[in-house]
Amino acid sequence: MTDMSELTLEEKAALGSGSDFRHTQAIDRLGVPAVMLTDGPHGLRKQLGPSDNLGMNPAVPATCFPPAVALASSFDVELAERVGAAIGTEAVIEGVAVVLGPGVNIKRSPLCGRNFEYFSEDPVVAAAFGTALVKGIQSQGVGASLKHFAANNQETDRMRISADVDPRPLREVYLRAFQRVVQEARPETVMCSYNRINGRYASEDPWLLTRVLREEWGFEGLVVSDWGAVDDRVAAAAAGLDLEMPSSGGRSDAQLAAAVRAGALEEQVLDRIAERVLALAERERPAPGGKLDVDGHHALAREAAARSIVLLKNEDELLPLAPSARIAVIGEFARTPRYQGAGSSHIAATRVDTALEAIGETAQALAFAPGFRLDGQDDPGLAAEAVRIAGEAELAVVFLGLPDQDESEGFDRGDIRLPAAQLALLDAVVAAQPRTVVVLSNGGVVELPFAGTVPAIVEGWLLGQAGGSALADVLFGRVNPSGRLAETIPLRLEDTPAFLDFPGEAGHVRYGEGLFVGYRWYEARRLPVAFPFGHGLSYTSFDYGTPSAVQTPSGDVEVTLAVSNTGQRPGREVVQLYASLPGSAYTRPPRELKAFANVPLEPGETREVTLVLRRDDLAVWDQRLDRWILESGSYRIEAGASSADIRASTEVVVSGDEVRLPLTWHSSLAELLAHPVAGPAARAALPTADEAMLRMISSIPLRRLVAMGVPEEGLAQLIALDAEGGASEAAGV
Ligand code: BGC
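What counts, and where the lines are drawn
Residues numbered from 1 in each chain as written. Predicted model: local features only at pLDDT ≥ 70, side-chain atom pairs only at ≥ 80, totals over all residues. Heavy atoms only, no water. Salt bridge = Lys/Arg side-chain N within 4 Å of Asp/Glu carboxyl O. Helix = DSSP H or I, 4+ residues; strand = E, 2+ residues; numbered from the N terminus. Buried < 20%, exposed > 50% of the residue type's maximum accessible area, 1.4 Å probe, protein only. Polar contact = N/O pair within 3.5 Å; in protein donor to acceptor, adjacent residues only side chain to side chain. Contact = heavy atoms within 4.5 Å. Pairing = 2+ DSSP bridges. Core = buried A, V, L, I, M, F, W, Y, C linked by side-chain atoms within 4.5 Å. Axes fitted to C-alpha atoms, helices over the stretch in contact; angles between N-to-C directions. Left-handed = near helix turned anticlockwise from the far one by under 90°. Nonpolar A, V, L, I, M, F, W, Y, C, P; charged D, E, K, R; others polar. Right-handed = clockwise from strand over helix to strand, strands pointing away. Expected span 1.5 Å × (residues − 1). Arc of directions from axis to C-beta.

K.L.:
Summarise the pattern of salt bridges; cite the residues concerned and give the values.
P.N.:
What the rule picks out here adds up to 63 salt bridges. The partner of R615 in a salt bridge is D657, and the shortest N-O contact between them spans 2.8 Å. Placement of R615 in helix α18 (residues 615-618) and of D657 in the loop between β27 (645-654) and α19 (669-674) is noted, with a sequence separation of 42 residues between them. A salt bridge links E691 to R683; its shortest N-O distance comes to 3.5 Å. By sharing partners, the salt bridges in this structure join D76, E78, R82, E303, R307 and R572 into a single network.

K.L.:
Tell me about the side chain of E487, residues and numbers included.
P.N.:
Structurally, E487 is set in the loop between α16 (467-475) and β17 (508-510). Accessibility expressed as a relative area gives 4% for E487, which makes it buried. A polar contact of 2.8 Å, which involves the side chain of E487, links it to the side chain of K107. Non-local contacts of E487, meaning those with residues more than four positions away in its chain, are made with V69, K107, E121, V445, W461 and F533.

K.L.:
I'd like a description of the pairing of strand β16 (residues 456-459), backed by residues and values.
P.N.:
Alternating positions in β16 separate into two faces, A456 and V458 on one and I457 and E459 on the other, with burial throughout. Sheet analysis places strand β10 (residues 310-314) next to β16, joined by four bridges and oriented antiparallel. When the bridges of β16 are listed, K313 appears paired with I457. Looking at chain direction, strand β15 (residues 436-441) and β16 are connected through four bridges and run parallel. Pairing of V438 across the sheet is with I457, part of β16.

K.L.:
Could you give an account of the nonpolar core, with specific residues and numbers?
P.N.:
Residues V125 and F149 are the most contacted members of the largest nonpolar core, which totals 82 residues. The element best represented in this core is helix α4 (residues 123-138), accounting for nine residues. Apart from residues no more than four positions distant in its own chain, F149 is found in contact with L175, F178, V190, M191, C192, S193, A202, L208, L209, L213 and W217. L356, L395, V438 and V446 belong to the second-largest nonpolar core, a separate cluster that totals 70 residues.

K.L.:
Give me the packing of helix α3 (residues 77-93) against α4: which residues, what numbers.
P.N.:
Each pair of packed helices can be summarised by the angle the axes make with each other and by the distance between the axes. With their axes 6 Å apart at the nearest point, α3 and α4 run at an angle of 35° to one another. Between α3 and α4 lies a crossing whose hand is right-handed. Contact residues: V77, A80, E81, V83, G84, A85 and G88 in α3; A128, F129, A132, L133, K135, G136 and I137 in α4. Considering only residue class, the contact of α3 with α4 consists of nine nonpolar, three polar and two charged.

K.L.:
Explain the sheet that holds β16 residue by residue, including any values.
P.N.:
The mixed open sheet is built from six strands, whose spatial order is β10-β16-β15-β14-β11-β13. Edge positions in the sheet fall to β10 and β13 (365-369), since each has one partner strand and no second. Taken pair by pair, the neighbouring strands of this sheet meet at an average axis angle of 15°, ignoring direction. Here strand β14 (residues 395-401) runs beside β15; their pairing, made up of six bridges, is parallel. For G401, the partnering residue across the bridge sits in β15 and is S441.

K.L.:
Lay out the pairing of β15 in plain terms, naming residues and giving numbers.
P.N.:
Burial runs high along β15: six of the six residues are buried. Residues T436, V438 and L440 line one face of β15 and the alternating positions V437, V439 and S441 line the opposite face, and both faces are buried. In this fold, β14 hands off to helix α15 (residues 420-432), which returns the chain to β15; that crossover is right-handed.

K.L.:
Pulling in residues and values, what's your account of α4?
P.N.:
Since the α-helix advances by 3.6 residues per turn, residues separated by three or four positions end up pointing in the same direction. For α4, spanning 16 residues, the distance from its first C-alpha to its last is 22 Å, which sits close to the expected 22 Å at 1.5 Å a residue. Counting buried positions over the 16 residues of α4 gives 15, a clear majority of the element. The backbone nitrogen of V124 lies 2.8 Å from a side-chain oxygen of the residue at the head of α4, namely D122.

K.L.:
Report on helix α14 (residues 380-392), specifying residues and quantitative values.
P.N.:
Its 13 residues give α14 an end-to-end C-alpha distance of 19 Å, which sits within 8% of 18 Å, the value for a rise of 1.5 Å per residue. Turning to α14, its buried residues number three or more, namely A386, I389 and A390. In a view along the axis of α14, the buried residues occupy a sector of 105°, so they form one face of it. Those residues of α14 that are buried lie in contact with β11 (326-330), β13, β14 and α15.

K.L.:
Go over the sheet that holds strand β5 (residues 162-164) with me, naming the residues and quoting the values.
P.N.:
Read across the sheet, four strands follow the order β8-β7-β5-β17 without closing on themselves; strand pairing throughout is mixed. Both outer strands of the open sheet, β8 (200-201) and β17, are each paired with one neighbouring strand and no more. Note that β5 and strand β7 (residues 196-197) share two bridges and pair parallel. Note that in β7 the partner of A163 across the bridge is I197.

That is the geometry; function is a separate question.
Here you go:
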């Protein structure tokens with residue numbers, strides 16, 4: 001690596017920002033190369049001419065894999081890692097050093113315009129997929145960029161909004177996935193988000209970028225800004241932001257150098273920045289070039305897409321379709337697929353399969369009608385033609401979805417409804433042909449007002465370039481569906497957790513639902529939903545045995561259970577383990593996913609599976625102590641086929657961390673009485689107090705008891721017992 005002492009102050013400052021839209025700075029006199037960073041996350045978007053981060057200018061052809069919304073529904077991390085490796089391979093061919101992804105932000109509201117790029121409403125799912133993709137991408141010698149760090153859960157006012165989040169949800173929901181990916185997959189870079197968190201820009205937050213990311217989690221890579229996220233370059237550098245992107249045209253380089261000269265910024269900060277950029281730019285990488293295996297990667301995109309499809313409903317086994325059935329294929333999306341979202345992640349696909357063609361390759365008798373226009377304009381002629389062919393067929397497959405213009409990076413949706421013309425068309429088709437299958441294409445969840453009437457519903461999300469053939473694979477049963485919902489489909493927007501607090505006002509969005517995001521909310525409030533988190537049907541059926549659970553010496557909980565395929569076809573069951581702690585001292589959702597496994601099973605086969613619930617995932621953030629606590633107690637472990645379909649459960653005694661709050665004059669009487677040393681002494685001093693009286697006064701802080709006549713000296717002696725007991729590690733809290 002270039003010797004730091006050879007760099008001038010100006011050169012160090014220059015390394016801290018891009019040379020253009022996509023490259024770091026080269027230093028020719030020292031042979032430091034410029035390297036390219038480019039999107040991500042579900043394929044490579046390397047633009048040929050001028051670059052932009054809105055996906056406008058053309059890019060080199062690349063494989064468009066299923067975007068995160070779909071891939072997470074596969075609940076298969078091994079598959080995701082293979083997809084990551086394929087993206088890494090394409091990056092190598094194109095000489096790209098860093099792929100800008102994956103994004104592990106939590107789907108706080110279904111309205112977020114960028115939900116198609118994010119995995120889940122659940123942090124354990126987001127963590128698992130983020131880890132798999134980073135590992136896959138980096139296995140090819142290319143860096144990944146974990147984004148958008150952090151609490152970037154909406155597009156509205158995304159460059160200024162302050163996400164006001166309490167410590168527990170921040171740690172347990174919004175930072176958990178970042179923490180896991182950083183610690184387990186070691187991404188070369190982390191991309192800080194545009195927004196502010198509790199009032200402070202992520203790009204300027206020393207707590208976020210240095211204390212949490214580096215000191216607590218041990219991150220050793222480089223922090224890059226989201227494109228244009230830097231407001232004050234000097235403050236950002238001091239906070240821990242290394243590379244500002246894109247180029248500032250030299251402006252912020254000059255500010256950094258001037259700040260060092262004026263003594264406003266330590267030169268060491270610039271040294272660290274330069275070191276990290278050099279480490280990234282000079283890292284040994286595979287030689288660029290080689291031929292893209294277009295067919296091989298397309299086949300992987302098809303496999304991943306088929307595994308991501310979620311069969312929501314299948315009454316009377318309407319699916320799979322018989323090739324001999326006379327099928328009416330209806331809906332423009334069958335011919336003009338919507339397979340990815342808009343914005344910086346937009347891929348120039350190497351090819352695109354349409355469902356219409358793919359169904360046509362298998363179906364012996366097929367009629368097609370587009371049924372509606374993608375621009376939302378009414379077209380009664382199109383609808384009438386669709387109804388006619390539906391009535392003449394043995395069954396109808398209706399492709400509905402959100403058109404491109406409805407969801408994108410840069411803005412949020414205003415509702416979660418499908419276009420009215422499509423819903424009206426469906427009603428008319430079902431009236432003519434009750435044997436109707438709906439296939440959905442959407443990046444964010446939509447309300448399904450027809451869920452009660454239509455016998456079969458397939459959630460196809462945005463499936464990438466091979467989505468059309470993958471849908472045909474599932475519809476005809478060549479692939480047995482095994483996708484599961486990584487987010488709840490609510491009945492109505494008004495039921496969703498952030499409904500009253502999204503997208504905020506006056507520059508602030510309050511995360512008022514706290515920990516209760518996604519299914520945590522619906523379960524706690526006992527709200528009915530259209531389809532619960534984790535739900536997904538198969539063409540076969542599964543049985544669960546009784547789980548057994550034990551805590552291992554490291555604090556993890558190991559759960560073993562048997563799963564059987566009781567049907568006639570090979571299939572995959574996604575076993576989900578939820579944990580809860582009845583009687584917990586902390587506020588907790590009724591159940592939280594802590595582990596899952598994707599289990600392939602032949603008909604009649606039974607497998608014992610062992611899943612690990614990590615100590616770290618079982619821990620809660622104690623905001624009084626400012627640290628993670630694994631609470632001791634008897635945990636309930638539930639094995640479910642969804643968050644609302646628990647098949648078997650067990651209990652496991654967990655021995656956790658001791659939670660000792662230091663005794664102070666602000667401790668309550670109850671806290672004094674609960675203290676292991678001072679408590680018994682206090683009780684001895686109160687021999688005559690009856691329980692009812694104690695309960696009434698238990699919340700009174702010790703200092704106030706003095707005013708009520710309790711001798712100060714006696715209390716002081718009791719408080720001192722705590723210090724003597726050596727439990728003062730959290731003193732001052
Ligand atoms: C997006 C990032 C993206 C970057 C570079 C930004 O607008 O938020 O996700 O990686 O542009 O294209």
